[in-house]
Amino acid sequence: DEKHLAGYRRSSGWAKDQLIYFYMEFSIPVQIDTVLSDSIIYSGNSNEIKTFEGRIYTSVKFKLPADHILKIKVALSSVSAEGAQKNMKAELPGWDFTEARVNAEKKWNNELSKIEVSGGSVDQYKIFYTALYHCMVVPNIYNDVDGSYRGRDFKIYKARSDYYSVFSLWDTFRAWHPLMTIIDRKRTLDYIKTFLGQYEKGRMLPVWE
């Protein structure tokens with residue numbers, strides 16, 4: 001509709017036949033101006049065509065009030081666009097950017113405080129906590145808020161705990177996973193459950209699956 005766009009991207013580069021669904025919400029109405037795809041050229045003057053396939057390029061227009069800042073929210077899902085919409089409603093229902101930033105800072109400070117250092121310089125603190133932050137960027141929770149996720153056999157399942165993606169087991173077994181067993185035991189248990197689930201569905205342990 002005039003404030004929402006939904007769809008998916010299917011690619012075969014980094015991971016074979018990867019499906020990522022998205023759901024976007026705009027703070028003001030958006031008008032699809034032009035869509036170019038493999039089969040058609042669509043003008044925003046027509047409301048007949050609603051679905052596009054293939055390689056898609058589009059431009060949109062906004063009638064932006066003078067006192068309004070355009071805001072856009074995007075949610076993702078491995079299952080469906082409807083799943084992405086549910087994720088957005090559960091995780092970011094409002095439009096308060098400052099509140100979202102403050103909440104993110106609180107969560108990151110809580111994670112980074114699992115290790116406290118002292119006695120060094122400010123530069124050393126920055127280096128240490130930047131490295132610790134990098135330790136926590138991946139893996140990522142792959143299931144929707146209702147537990148649904150797409151298995152390596154492409155069937156949809158329900159996870160009993162958080163199901164993760166983006167591991168690099170040819171590297172991380174050396175130091176990263178041992179560190180997590182010390183500072184993040186809850187997630188470590190979920191990682192192991194994810195490994196077992198991925199092996200059951202795909203007969204392989206995860207390496208950039």
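Residues numbered from 1 in each chain as written. Predicted model: local features only at pLDDT ≥ 70, side-chain atom pairs only at ≥ 80, totals over all residues. Heavy atoms only, no water.

## Details of the pairing of strand β6 (residues 72–77)
The two faces of the sheet receive side chains in turn, since in a regular strand these alternate between them.
Item 1. Alternating positions in β6 separate cleanly, K73, A75 and S77 being buried on one face and I72, V74 and L76 remaining unburied on the opposite face.
Item 2. Bridge analysis of strand β2 (residues 18–26) against β6 gives 6 bridges, and the strand direction is antiparallel. Residue E25 lies in a different strand from β6, and its bridge partner there is K73. (Buried < 20%, exposed > 50% of the residue type's maximum accessible area, 1.4 Å probe, protein only. Helix = DSSP H or I, 4+ residues; strand = E, 2+ residues; numbered from the N terminus. Pairing = 2+ DSSP bridges.)

## A closer look at the sheet that holds strand β1 (residues 4–11)
Item 1. Strand order in the open sheet formed by 3 strands is β1-β2-β6, with antiparallel pairing between adjacent strands. Two strands close off the open sheet at either side, each with one partner strand: β1 and β6. Along the sheet, successive strands turn relative to each other by an average axial angle of 20 degrees, direction set aside. (Axes fitted to C-alpha atoms, helices over the stretch in contact; angles between N-to-C directions.)

## Some thoughts on the nonpolar core
Item 1. Grouped together as the largest cluster of nonpolar side chains are 11 residues: L112, L132, M136, Y164, F167, L169, W176, M180, I183, Y191 and F195.
Item 2. Residue assignment for this core shows that the elements contributing at least two residues are α5 (176–183) and α6 (185–202).
Item 3. Residues within four places of F195 in sequence aside, it is in contact with F167, L169, H177, L205 and P206. (Core = buried A, V, L, I, M, F, W, Y, C linked by side-chain atoms within 4.5 Å. Contact = heavy atoms within 4.5 Å.)

## With respect to the environment of I28
Item 1. Mapping I28 onto the fold places it in the loop between β2 and β3 (30–36).
Item 2. With residues up to four places along the chain from it excluded, the contact list for I28 reads E2, K3, F62, K63, L64, P65, H68 and L70.

## Thoughts on the pairing of β2
Item 1. Strand direction decides the pairing type here: β1 and β2, joined by 8 bridges, are antiparallel. Within β2, the position partnered with L5 by the bridge is M24.
Item 2. A loop of 6 residues connects β1 with β2, the two strands running antiparallel in sequence, and D17 in this loop sits at a positive phi of about 50 degrees.

## Looking at the environment of F97
Item 1. Structurally, the position occupied by F97 is in helix α2 (residues 97–112).
Item 2. Between the C-alpha atom of F97 and that of K71, which follows or precedes it by 26 residues, the distance is 8.9 Å.

## Examining the side chain of E25
Item 1. Here E25 shows up in strand β2.
Item 2. Those residues in contact with E25 that sit more than four places away from it in its chain are K3, H4, K71, I72, K73, M88 and W95.

## Describing the packing of aromatic side chains
Item 1. Taken as a whole, this structure holds 11 aromatic pairs when the rule is applied.
Item 2. Positioned above the aromatic ring of W95 is the side chain of K73, whose terminal nitrogen or guanidinium carbon lies 4.5 Å from the ring centre.
Item 3. Cation over ring: K201 sits above Y157, and NZ or CZ is 4.5 Å from the ring centre. (Phe/Tyr/Trp six-rings, centres within 6.5 Å; stacked < 30°, edge-to-face > 60°. Lys NZ or Arg CZ within 6 Å of the ring centre and 35° of its normal.)

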